[in-house]
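This is what each chain is made of:
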Amino acid sequence: MRKPPTPATQVAHVLTEALPYIQRFHGKTLVIKYGGNAMVDQHLKKSFARDIVLMKLVGFNPVVVHGGGPQIGQLLTRIGKESEFVDGMRVTDAETMDVVEMVLGGLVNKEIVNLITAQGGRAVGLTGKDGGLIRARKLHITRRSESEQEPEIIDIGHVGEVDCIDASLIDVLAGGAFIPIIAPIGVGVDGRSYNINADFVAGKLAETLHAEKLILLTNTRGLLDREERLLTGLDLHQVERLIADGTIHGGMLPKIRCALEAVANGVHTAHIIDGRVEHAVLLELFTDSGVGTLIHGQGGAHWPT
């Protein structure tokens, strides 16, 4: 059944509401971390691709960093290899790292490229190994118990963290007609490949690119208070107080820390938005109400006037 046509006046209202945001962020770089439901639901995948293409066409420079944990887990299960996690991070031996590279750098990355290309965009798929983009170092997990004076160091294999980023290739691509799509795989000084958390890659890349915005898609509405109300327009000190009083806890903490670090290091605003909402990126960027949580530095949220 066809939907009734949208009244022309409503269309005009949407466009005029978006205009100051388009003017404000024209020519600016925005780093988007793509994951969660938006990455597995077919309708939401097409919605996300159209959002990214529209952003590029109106003069923004979007850079996409993607995850792929569920897809990695599915392939490991198919080959009979059990997934093991420590503190939420996948234990990655050499065989698992081969699967990670196959899934992130191949299957998932190229699917996103194809989705954006199908909507008229010019996407280029990369891993952090291409052009020396991401130099990684091995991530060590330490645990300290009351009975032991020395902390226990847990080796989780080919799992890394960002050592440094050389974004010269991304500058060339994003500053031109292309949309970079980046898989969070880095290479160490030892030549080994490392699987890196996509949120932290997106945050570090946003800092290096001096991005206007860091946008993290999640499977939640954003930051919520104790009454489950959405919080937005927060500065760094307000977020730190929410962490201290326990309002922000559990699985949201690493994502929030990533957003805080990016803003503290020069990214103008960080957004945690609900990727389960169709066209969530456009709604957050081009409307007054938005669909998630915005975090800004002490200079303000940088909204158009």
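As recorded in an unreviewed UniProt entry, the protein goes by Acetylglutamate kinase and comes from Nitrococcus mobilis Nb-231. Quoted verbatim from the Sequence similarities (unreviewed entry) heading of the UniProt record, the comment on the protein is "Belongs to the acetylglutamate kinase family. ArgB subfamily." One UniProt comment on the protein, placed under Function (unreviewed entry), says "Catalyzes the ATP-dependent phosphorylation of N-acetyl-L-glutamate."

### So, the overall build of the protein
What the protein contains, in helices and strands, is 9 helices and 16 strands. Here the C-alpha atoms of the protein give a radius of gyration of 20 Å, agreeing with the 19 Å that 2.2 N^0.38 yields for 305 residues. With respect to the three principal axes, the spread of C-alpha positions in the protein is 65 × 45 × 40 Å. When each of the 305 residues of the protein is scored for burial, the buried share is 49%. If you sum the accessible surface of the protein, you get close to 15,100 Å²; carbon and sulfur atoms cover 53% of it. Seen as two clouds, the 30 positive and the 36 negative side-chain charges of the protein have centres 6 Å apart.

### Re the packing of helix H3 (residues 69-78) against helix H4 (residues 94-118)
Packing of H3 against H4 brings their axes to within 9 Å, and their N-to-C directions diverge by 125°. Regarding the angle of H3 to H4, the classification is oblique. The handedness of the crossing between H3 and H4 comes out as right-handed. Here H3 contributes Gln71, Ile72, Leu75 and Leu76 to the contact with H4, which in turn contributes Thr96, Val99, Val100, Met102, Val103, Leu104 and Val108. The class makeup of the residues in the contact of H3 with H4 is 9 nonpolar, 2 polar and no charged.

### Thoughts on the nonpolar core
If you look at the biggest cluster of nonpolar residues, it comprises 44 residues, and the most contacted ones within it are Val31, Leu214 and Ile256. Residue contributions to this core peak at 7 residues, all from helix H8 (residues 252-264). When near neighbours in sequence (up to four residues on either side) are disregarded, Ile256 contacts Leu223, Val239, Ile243, Ile248, Ile272 and Ile295. With 41 residues, the next largest nonpolar core counts Ile72, Leu75, Ala280 and Leu285 among its residues.

### Section: unusual backbone geometry
The phi dihedral of His210 is positive, around 55°, even though this residue is not glycine. Following the sequence through the fold, His210 ends up in the loop between helix H6 (198-208) and strand S13 (213-218). Judged by its relative accessible area of 68%, His210 is exposed. Positive phi values are uncommon outside glycine, yet Glu228 reaches one of about 65°.

### A short note on the state of the cysteines
A disulfide bridge is the covalent bond that connects two cysteines by way of their sulfur atoms. Applying the stated criterion across every chain, the model contains 0 disulfides. Here Cys164 is not cross-linked by a disulfide; its sulfur's nearest cysteine counterpart is in Cys258, at 17 Å. Given a relative accessible area of 3%, Cys258 falls into the buried group.

### As for the side chain of Thr218
Of note, Thr218 is situated in strand S13. Judged by its relative accessible area of 5%, Thr218 falls in the buried class. Not counting the four nearest positions on each side in its chain, Thr218 is found in contact with Lys255, Ile272, Ile273, Asp274, Gly275 and Arg276.

The rules behind the values
- Residues numbered from 1 in each chain as written.
- Predicted model: local features only at pLDDT ≥ 70, side-chain atom pairs only at ≥ 80, totals over all residues.
- Heavy atoms only, no water.
- UniProt positions renumbered as here; feature names shortened; annotations may be inferred.
- Helix = DSSP H or I, 4+ residues; strand = E, 2+ residues; numbered from the N terminus.
- Rg over C-alpha atoms; globule rule 2.2 N^0.38 Å.
- Buried < 20%, exposed > 50% of the residue type's maximum accessible area, 1.4 Å probe, protein only.
- Areas by Shrake-Rupley, 256 points an atom, 1.4 Å probe, with all protein chains shown as cover.
- Lys, Arg positive; Asp, Glu negative; His and termini not counted.
- Charge placed at Lys NZ, Arg CZ, Asp CG, Glu CD.
- Axes fitted to C-alpha atoms, helices over the stretch in contact; angles between N-to-C directions.
- Parallel < 35°, antiparallel > 145°, perpendicular 65-115°, else oblique.
- Left-handed = near helix turned anticlockwise from the far one by under 90°.
- Contact = heavy atoms within 4.5 Å.
- Nonpolar A, V, L, I, M, F, W, Y, C, P; charged D, E, K, R; others polar.
- Core = buried A, V, L, I, M, F, W, Y, C linked by side-chain atoms within 4.5 Å.
- Disulfide = S-S within 2.5 Å.

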